[in-house]
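# Remarks on the overall topology
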Amino acid sequence: MSHPHPELTEPPPLQPGAVRIVPLGGLGEVGRNMTVIEHEGKLLIIDCGVLFPEDHHPGVDLILPDFSYIADRLEDVQAIVLTHGHEDHIGAVPYLLRLKPDIPLIGSTLTLALIEAKLKEHRIKPYTLTVREGQTEQLGVFECEFVAVNHSIPDALAVAVRTEGGVLLHTGDFKMDQLPLDKRITDLRAFARLGEEGVDLFLVDSTNAEVPGFTTPEKDIFPAIERVFAKAQRRIIVACFSSHVHRVQQVLDAAAEYGRKVAIVGRSMVRNMGIAEDLGYLHVPPGVVVDIKKLDDYPEDQQVLICTGSQGEPMAALSRMANRDHKIEVGEGDTVVLASSLIPGNESAVYRVINGLMRLGANVVHKGNARVHVSGHASAGELLYCYNIVRPTNVMPVHGEWRHLVANGLLAEQTGVPPERVILAEDGVVVDLVDGIARIVGAVECGYVYVDGSSVGGTDEALLKDRRILRDEGFVTVIVVIDSSTGKIASGPEVLTRGFAEDESLPEAVLPRITEAVEAATAKGVTDSHQLQQIVRRTVGSYVGGKLRRRPMIIPVVIEA
């Protein structure tokens, strides 16, 4: 099964008046967020994001949600509501719109500007509707009210979905910073009003549910950034997410205060910050930002670079600097600031970059040794506040690994939500809201869809397994020529290996075994080349596995001559 609940069958037809919720990504993982809501035969999609590959996905560029559940029902999709502009919430939109380009996109000004720039690269011109907090839109059978929430990107929204079958409130990604840099707080008054109206199902961001207390305010980061600028003797290089407008704003403000010039490096960073400035979300102090080509006109103690690569991405600017593969050469006395948190799974890549930079003589400042980043997600104390304010009938934790979902569910129970009304589901698990009660009713196929170069969906687990074997275990090729008239070995066996420390000794040791096995098979009348290939494969595999403790890919070639 492609979902973790093989005991669950296909869901039954949706009852009249009921609401169905089908998460196609974001539950059991951090990324690939996508939720489908169904009512009266119509569909509403909330977010459509990507998941970034890990080490066990060799060659994969992106991982998409599985659209097969809705592929033959795209005419029923009323809209795609985007809660904010992060890649794990908007990155898969181009791939969905390839199937039907005129699905309306609903989102805030900045969110739509970011996705429109991305769609332009895919040569898709979308139909969009800009909304803001406090606005209500009727999207077919779904009435959507948009609520301001605070996150690590401006213009984030929660969405309340009203249907005849009940009211759903989806937080999107949020936190409750009470002194945000853009003065735009999470609208708890709207949450309370919706709670008074009655929220039948509360879908809540779980990412920081295990973290006690409250998430540190963004403003508390500035003193640490200011200290970096006060102490740095040479260049300062700041790496952060290409969408983190608030962090870039803090760096620009510090640069202006300390008389430094800033150059922005990296295509996505330049594009996103240009959009943010044009729309008024980023305020650039006069004369601070200069073109990267002109940065060398200024002394090194006046230079600041803002780039991508805070997660150790191999092709990002910072990784290439660490590997001396970038026009910016990091040297003795430079200060590098990694202004982001570690996404689970990226730890090794990030520490590899840190070590590379320090080996070049740079001073590296990161979350482990300075307060240069705070999370964009609500911690346990904030989630408790939300549950007490909203008082939902049912709760469905979203956005997080299984441990995050469980921790969030326990918080809901502590505030009085009955345990049977806390729905812990993963991708593909179908939840129906009937007469105010939410229940798991089945599951649908919901696997990973891999973007691999120009291929979308062509890569599967079998191919990735082969790549992992080639990467980790090496391969052995065995060539045997069989005389078609006599059935005896006419040439070979010839053994070629790659990825073995024992390259030279392996052929000598395994050749007699292959010869003996093939001759024994042909003596018994086995002439089919496929059968002989399997015999060669088993013979080599048995030897290599037993003697060398390796499981390489074995490619036997039997030729009849």
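Calculation criteria
Residues numbered from 1 in each chain as written. Predicted model: local features only at pLDDT ≥ 70, side-chain atom pairs only at ≥ 80, totals over all residues. Heavy atoms only, no water. Helix = DSSP H or I, 4+ residues; strand = E, 2+ residues; numbered from the N terminus. Buried < 20%, exposed > 50% of the residue type's maximum accessible area, 1.4 Å probe, protein only. Pairing = 2+ DSSP bridges. UniProt positions renumbered as here; feature names shortened; annotations may be inferred. Contact = heavy atoms within 4.5 Å. Axes fitted to C-alpha atoms, helices over the stretch in contact; angles between N-to-C directions.

## Some thoughts on unusual backbone geometry
- Even without being a glycine, Arg32 presents a positive backbone phi close to 60 degrees.
- Counting through the fold element by element, Arg32 comes out in the loop between strand 1 (19-25) and strand 2 (34-39).
- When its relative accessible area of 1% is taken as the criterion, Arg32 is described as buried.
- Even without being glycine, Asp435 reaches a positive phi, approximately 55 degrees.
- For Asp435, the location among the structural elements is in the loop between strand 19 (429-434) and strand 20 (437-443).

## Looking at the pairing of strand 2
- Counted residue by residue, strand 2 has 6 buried out of 6 residues, so it is predominantly covered.
- Going residue by residue along strand 2, you find Met34, Val36 and Glu38 tucked away on one face and Thr35, Ile37 and His39 tucked away on the opposite face as well.
- Across 6 bridges, strand 1 lies against strand 2 in antiparallel orientation. Residue Val22 lies in a different strand from strand 2, and its bridge partner there is Val36.
- Where strand 2 meets strand 3 (residues 42-46), 5 bridges bridge the pair, whose relative direction is antiparallel. Looking at the pairing, Glu38 lines up with Leu43 of strand 3.
- If you look at the hairpin formed by strand 2 and strand 3, you'll find 2 residues sitting between the two strands, and Glu40 has a positive phi there, around 50 degrees.

## So, the UniProt feature "active site" (unreviewed entry) in the protein
- Mapped onto this numbering, the UniProt entry annotates "active site" (unreviewed entry) at Asp205 and His377. A stretch of 173 residues holds the annotated residues, and the largest C-alpha distance among them is 7.5 Å, short enough that they meet in one place.
- The buried category is assigned to Asp205, whose relative accessible area is 0%.
- Those residues in contact with Asp205 that sit more than four places away from it in its chain are Thr171, Gly172, Asp173, Phe174, His377, Ala378, Leu383, Val398, His399 and Asn408.
- With respect to the element layout, His377 can be found in the loop between strand 17 (363-365) and helix 10 (380-390).
- On the accessibility criterion, His377 (12% relative accessible area) is buried.
- Discounting residues that sit within four places of it in the chain, His377 has contacts with His151, Asp173, Phe174, Lys175, Asp205, Thr207, Asn208, Thr215 and His399.

## Some points on the sheet that holds strand 5 (residues 77-81)
- The strand order 7-6-5-3-2-1-19-20 describes an open sheet built from 8 strands, whose pairing is mixed. Each of the sheet's edge strands pairs with one partner strand only, and the pair in question is strand 7 (128-130) and strand 20. Across the sheet, the axes of successive neighbouring strands diverge by a mean angle of 25 degrees, strand direction being ignored.
- Relative to strand 5, strand 3 is paired through 4 bridges, and the arrangement is parallel. Paired with Leu44 across the strands is Ala79, a residue of strand 5.
- Sheet strands in contact with helix 3 (residues 109-121) are strand 6 (105-107) and strand 7, and its direction is about 140 degrees off that of strand 6.

## Brief notes about the sheet that holds strand 11 (residues 166-170)
- Here we have 6 strands laid out as an open sheet, ordered 8-9-10-11-12-18, and mixed in their pairing. If you trace the sheet from one side to the other, it starts and ends with strand 8 (136-139) and strand 18 (394-398), each paired once. Each adjacent strand pair in this sheet contributes to an overall mean axis angle of 20 degrees, direction not counted.
- Note: strand 9 (residues 142-148) against strand 10 (residues 157-163), 6 bridges, orientation antiparallel. Each bridged residue has a counterpart across the sheet, and for Glu145 the counterpart in strand 10 is Ala160.

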